[in-house]
Amino acid sequence: MLSQKMQSALNAQINAEMWSAYLYLSMSMAAADKGLKGVANWFAIQFKEEQDHAQIFINYLLSRGGRVLLEPIAAVDTEWDSALAMFEQTLTHEQKVTSLINDLYNLAIEEKDHATRSMLTWFVDEQVEEEDSAREIIDQLRMIDCNKLGLYMIDKEMAARVYSTPSPLVKE
Ligand code: MG
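So, here's what we can say about the structure. Since the model is a prediction, treat every value here as computed from it, not as a measurement.

Here's the deal with the overall build of the protein chain
Counting its regular elements, the protein chain contains 5 helices and 0 strands. Its helices and strands taken in sequence order, the protein chain reads α-α-α-α-α from the N to the C terminus. On C-alpha atoms alone, the protein chain measures out to a radius of gyration of 17 Å, which is about the 16 Å that the 2.2 N^0.38 rule sets for 172 residues. Taken along the three principal axes of its C-alpha coordinates, the protein chain extends 55 × 30 × 25 Å. Buried residues in the protein chain amount to 44% of all 172 residues. Contacts in the protein chain between residues at least 24 apart in sequence constitute 82% of all its contacts with a sequence separation of at least 6. Accessible area for the protein chain stands at about 9,600 Å²; split by element, carbon and sulfur atoms hold 56% of it.

Below you can see the structure in the form of C-alpha cells.
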C-alpha cells in the first residue's frame with residue numbers, strides 16, 4: 001500500500017509535470033510568434049512529453065490503488081527575449097525537476113517502498129537526458145551569438161524533432 005505521504009508527494013509531482021507542460025506550451029506559442037517554427041515544434045513536443053510524464057505518475061498511482069487529485073496549474077511566463085532565454089529557463093527548470101524526482105526517490109528509500117523506487121528509476125534517467133538536451137541547445141545558441149543565419153539553421157534542425165511515446169506508456 002502506498003503511504004499517505006507518498007500519495008501526496010506523487011500527486012504534487014503530477015502537478016509539477018503539468019506545470020512543466022504548460023510552461024513549454026507557452027514557450028512554443030512564444031516561439032511561433034517570433035517566426036521560429038522549429039523551436040515552436042521542439043517545445044510542442046516537450047509539451048506532449050510532460051503530459052506523458054504526468055500520465056505515467058497517474059497510471060502508477062491508480063495501479064497502486066491510490067487517489068489522483070488534480071490541483072490548479074499556476075501561471076507561467078509568456079514572454080522571452082530570445083530562443084536562448086527560453087532554453088536557459090528550460091535548463092534551470094529541468095534541474096529543479098531533477099531535484100523533485102530525487103526527493104521522491106529518497107522518500108521511497110526511506111519508506112522501503114521498492115515499487116515506487118523502481119518506477120522512479122525511469123525518471124532519474126529521463127532527467128539526465130532532459131538536462132543534457134537543453135544544455136546542448138544552449139551551447140549551440142551561444143555559439144552562433146545572435147547570428148541570424150545560425151539561428152535559421154538551428155531552427156530548421158529543431159523542426160525535424162519528432163514525438164515518440166515514452167517507454168512506460170508503450171502498450172505491449
Ligand atoms: Mg517532466
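There's plenty left to go through after this.
Notes on unusual backbone geometry
For K112, which is not glycine, the phi torsion reads 55 degrees and is therefore positive. As for its placement among the helices and strands, K112 is situated in the loop between α3 (83-110) and α4 (114-144).

Some thoughts on the coordination of the magnesium ion
Looking at the magnesium ion, one finds its protein donor set to be E17 (OE), E50 (OE) and H53 (ND1), positioned 2.1 to 2.2 Å from the metal centre. Mapped onto the sequence, the residues coordinating the magnesium ion show the spacing E-x32-E-x2-H. Within this pair, whereas E17 is found in helix α1 (residues 4-33), its partner H53 is found in helix α2 (residues 37-63), the two being separated by 36 residues in sequence. Side by side, E17 and H53 carry an identical accessibility label, which is buried.

Side note on α2
Over its 27 residues, α2 extends 39 Å from the first C-alpha to the last, a length consistent with the 39 Å expected when each residue adds 1.5 Å. The first or second residue beyond α2 is G65, which carries a positive phi of 75 degrees.

Some thoughts on the pattern of salt bridges
Taken as a whole and assessed by the stated rule, the structure comprises 5 salt bridges. R161 is paired through a salt bridge with E49; the nearest N and O atoms lie 3.2 Å apart. Pair noted here: R161 is in the segment after α5 (148-158) and E49 is in helix α2, with a separation of 112 residues, a long-range link. Salt-bridge contacts for R64 lead to D113; the nearest nitrogen and oxygen are separated by 3.3 Å. Of this pair, R64 sits in the loop between α2 and α3 while D113 is found in the loop between α3 and α4, placing the two residues 49 residues apart along the sequence.

Some points on the layout of surface pockets
Space left empty within the atom packing is revealed by a probe, the size of a water molecule, rolled over the atoms. Here the largest pocket is characterised by a volume of approximately 400 Å³. Along the wall of the largest pocket there are 19 residues; nearest its centre are W42, E49, E129, S133 and R161. Those elements giving two or more residues to the lining of the largest pocket turn out to be α2, α4 and α5. Per element, the largest residue contribution to the lining of the largest pocket is 9 residues, and it comes from α4. Of the residues contributing to the lining of the largest pocket, the split by class is 6 nonpolar, 5 polar and 8 charged. The space that makes up the second largest pocket amounts to roughly 240 Å³. Lining the second largest pocket are L36, S82, A83, L84, L141, R142, I144, D145, C146, N147, K148 and L151. Looking at the lining of the second largest pocket, the elements with two or more residues in it are α3, α4 and α5. Residue contributions to the lining of the second largest pocket peak at 3 residues, all from α4.

What counts and how
Residues numbered from 1 in each chain as written. Predicted model: local features only at pLDDT ≥ 70, side-chain atom pairs only at ≥ 80, totals over all residues. Heavy atoms only, no water. Helix = DSSP H or I, 4+ residues; strand = E, 2+ residues; numbered from the N terminus. Rg over C-alpha atoms; globule rule 2.2 N^0.38 Å. Buried < 20%, exposed > 50% of the residue type's maximum accessible area, 1.4 Å probe, protein only. Contact = heavy atoms within 4.5 Å. Areas by Shrake-Rupley, 256 points an atom, 1.4 Å probe, with all protein chains shown as cover. Donors = N, O, S within 2.8 Å, 3.2 Å for Na, K, Ca; no water. Expected span 1.5 Å × (residues − 1). Salt bridge = Lys/Arg side-chain N within 4 Å of Asp/Glu carboxyl O. 1 Å grid on protein atoms, 1.4 Å probe; cavity = no way out; pocket = protein on both sides within 12 Å on 5 of 7 lines; lining within 4 Å. Points joined across faces, edges and corners; volume = space filled by probe spheres on them. Nonpolar A, V, L, I, M, F, W, Y, C, P; charged D, E, K, R; others polar.

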